[in-house]
Amino acid sequence: MKIAIVGYKKQEKFAQGVTNDEDAELIDFLVKKGLNVVPAIWNDENVDWTGFDVAVIKSPWDYHNHLSEFLNWLDEITKLNVKVLNPVEIIKWNSHKGYLKDIAKKGLPVIPAEYIEKGHVFNDHFFSLFNTDKLVVKPCVSAGAQNTLIVDQKNYDERLFEINELLKEQDYIVQPFVDEIKNGEWSFLFFNGKYSHSSLKTPKKGDFRVQHYHGGNISYPIPNAVHIEQAAAYVNSLPQHVLYARVDGVIRNNNFELMEIELIEPYLFLNADEKLLENYYQALIALIS
């Protein structure tokens, strides 16, 4: 069985601040376990996908800039009887932030959100709707805080034109700014539905973005067992088994509240830890056996 670990044509901006080459370390570990695993770039025309039995969608970190092409590629390799992990239906659902509505409908805690469709306009009614003086506005298809804006009463006029220009290109999501982000965003990692480990990402002083390439800091405190259980509920709500899920959110009033569930290309914080790599391996074996 030949397995592709699917990545992207690397750009330094996505890897900035990451000390480990997670893909290389994962591949090396899986090869040592006896698997026939090789790296492959999803949009590399030289890759013969007919030679693979399984494609693990690991780090296509540019997919959001080429969404139609990416989703068409997934359909094409599915037609070649390549098993895709995570499942293609899950990836398609997770590629647009409208999925948060589906999760909220199940009664699970999600940061409140409203959506503006492409071609529509942004206005100030969201402040009263959320009873807040600060909003987060971001694309429904995005990664790494791309085109994510903070809007308050002071910069509203300045941001209005910019946001409405962006809305000409795609859908956007509007949420109240969550002050708890200053305390950090938790990431809970699950492999085949089983909890593996977690991390805490905190923004640099004066910023709200927790991503490492925006200066965010990553630490590994021991999480509250209750919060692990709460995070697991989002994974358990999915209609299909997934190889990996990263459940991102904040602790509000001592309860976990979802910001994103990452099912396409999350950094997994494996950090060359053999125990964590073993967790991943066991999940993979269970899903391809």
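Description of the structure in this document. (Residues numbered from 1 in each chain as written. Predicted model: local features only at pLDDT ≥ 70, side-chain atom pairs only at ≥ 80, totals over all residues. Heavy atoms only, no water.)

Topic: the pairing of strand β6 (residues 134-139)
Counting buried positions along β6 gives 5 out of 6 residues, so the element sits mostly inside the fold. Summarising the sheet, β6 and strand β7 (residues 149-152) pair through 4 bridges and their orientation is antiparallel. When the bridges of β7 are listed, Lys134 appears paired with Asp152. Where β6 lies against strand β8 (residues 172-176), 5 bridges are found, and the strand directions are antiparallel. Of the residues in β8, the one forming a bridge with Lys138 is Ile173. (Buried < 20%, exposed > 50% of the residue type's maximum accessible area, 1.4 Å probe, protein only. Helix = DSSP H or I, 4+ residues; strand = E, 2+ residues; numbered from the N terminus. Pairing = 2+ DSSP bridges.)

A short note on the packing of aromatic side chains
One pass over the full model with this rule turns up 20 aromatic pairs. Aromatic side chains Trp49 and Trp73 sit 5.2 Å apart centroid to centroid with 65° between the ring planes, which places their arrangement in the edge-to-face category. Residue Trp49 is found in the loop between β2 (36-41) and β3 (54-57), and its partner Trp73 is found in helix α3 (residues 67-79); the two are separated by 24 residues along the sequence. Trp73 carries the same exposure label as Trp49, and that label is buried. (Phe/Tyr/Trp six-rings, centres within 6.5 Å; stacked < 30°, edge-to-face > 60°.)

A look at the layout of surface pockets
Taken as a whole, the second largest pocket encloses approximately 160 Å³ of empty space. Lining the second largest pocket are 13 residues, with Ile5, Lys10, Asp23, Pro39 and Ala40 positioned closest to its centre. Breaking the lining of the second largest pocket down by element, the ones donating at least two residues are β1 (2-7), α2 (22-32) and β2. Tallied by class, the residues present in the lining of the second largest pocket amount to 8 nonpolar, 2 polar and 3 charged. (1 Å grid on protein atoms, 1.4 Å probe; cavity = no way out; pocket = protein on both sides within 12 Å on 5 of 7 lines; lining within 4 Å. Points joined across faces, edges and corners; volume = space filled by probe spheres on them. Nonpolar A, V, L, I, M, F, W, Y, C, P; charged D, E, K, R; others polar.)

Describing the pattern of salt bridges
Tallied over the entire structure, the rule returns 15 salt bridges. With its nearest N and O atoms 3.0 Å apart, the salt bridge here joins Arg159 to Glu162. On the criterion of helical spacing, the pair formed by Arg159 and Glu162 is a turn pair, its members being 3 residues apart in helix α7 (residues 156-166). Close ionic contact of Asp248 with Lys201 constitutes a salt bridge, the shortest N to O distance being 3.7 Å. In this pair, Asp248 is assigned in strand β12 (residues 244-252) and Lys201 in strand β10 (residues 194-202), connecting sequence segments 47 residues apart. Each member of the pair Asp248 and Lys201 is classed as buried. (Salt bridge = Lys/Arg side-chain N within 4 Å of Asp/Glu carboxyl O.)

Things to note about α3
Its 13 residues place the ends of α3 19 Å apart at the C-alpha level, agreeing with the 18 Å of an ideal helix rising 1.5 Å per residue. Taken together, the buried positions of α3 are occupied by Leu67, Phe70, Leu71, Trp73, Leu74 and Ile77. Seen from one end, α3 has its buried residues packed into an arc of 155°, which puts them on one side. Relative to its buried face, α3 has exposed residues pointing more than 90 degrees away, namely Ser68 and Lys79. (Expected span 1.5 Å × (residues − 1). Arc of directions from axis to C-beta.)

Observations regarding the packing of α2 against helix α9 (residues 274-288)
Two elements in contact, α2 and α9, have axes separated by 10 Å at closest approach and are oriented at 65°. Between α2 and α9, the angle falls in the class roughly perpendicular. Where α2 crosses over α9, the handedness of that crossing is right-handed. Contacts between α2 and α9 pair Leu26, Phe29 and Leu30 from the former with Glu274, Leu277, Glu278, Tyr280, Tyr281 and Leu284 from the latter. For the contact of α2 with α9, a count of residues per class yields 7 nonpolar, no polar and 2 charged. (Axes fitted to C-alpha atoms, helices over the stretch in contact; angles between N-to-C directions. Parallel < 35°, antiparallel > 145°, perpendicular 65-115°, else oblique. Left-handed = near helix turned anticlockwise from the far one by under 90°. Contact = heavy atoms within 4.5 Å.)

Things to note about unusual backbone geometry
Trans peptide bonds make up most of the peptide bonds, and negative phi angles are found at most residues other than glycine. Each neighbour pair has its own omega, and for Leu85 with Asn86 the value is 5°, a cis peptide bond. With respect to the helices and strands, Asn86 occurs in the loop between β4 (83-85) and α4 (88-94). Positive phi outside glycine occurs at Asn271, with the angle close to 55°. Asn271 gets classed as partly exposed once you look at its relative accessible area, which sits at 29%.

Concerning α9
Counted at 1.5 Å a residue, the expected span for α9 with its 15 residues is 21 Å, and the 21 Å between its end C-alpha atoms agrees. What α9 keeps buried is the set Leu276, Leu277, Tyr280, Tyr281, Ala283, Leu284, Leu287 and Ile288. Buried residues along α9 cover an arc of 165° about the axis, so they all sit on one side. Within α9, the exposed residues directed more than 90 degrees away from the buried face are Glu274 and Lys275. On the buried face of α9, the contacting elements are β1, α2, β3, β4, β9 (185-191) and β10. Measuring from the side-chain oxygen of the N-cap residue of α9 to the backbone nitrogen of Lys275 gives 2.9 Å; that N-cap residue is Asp273. (Polar contact = N/O pair within 3.5 Å; in protein donor to acceptor, adjacent residues only side chain to side chain.)

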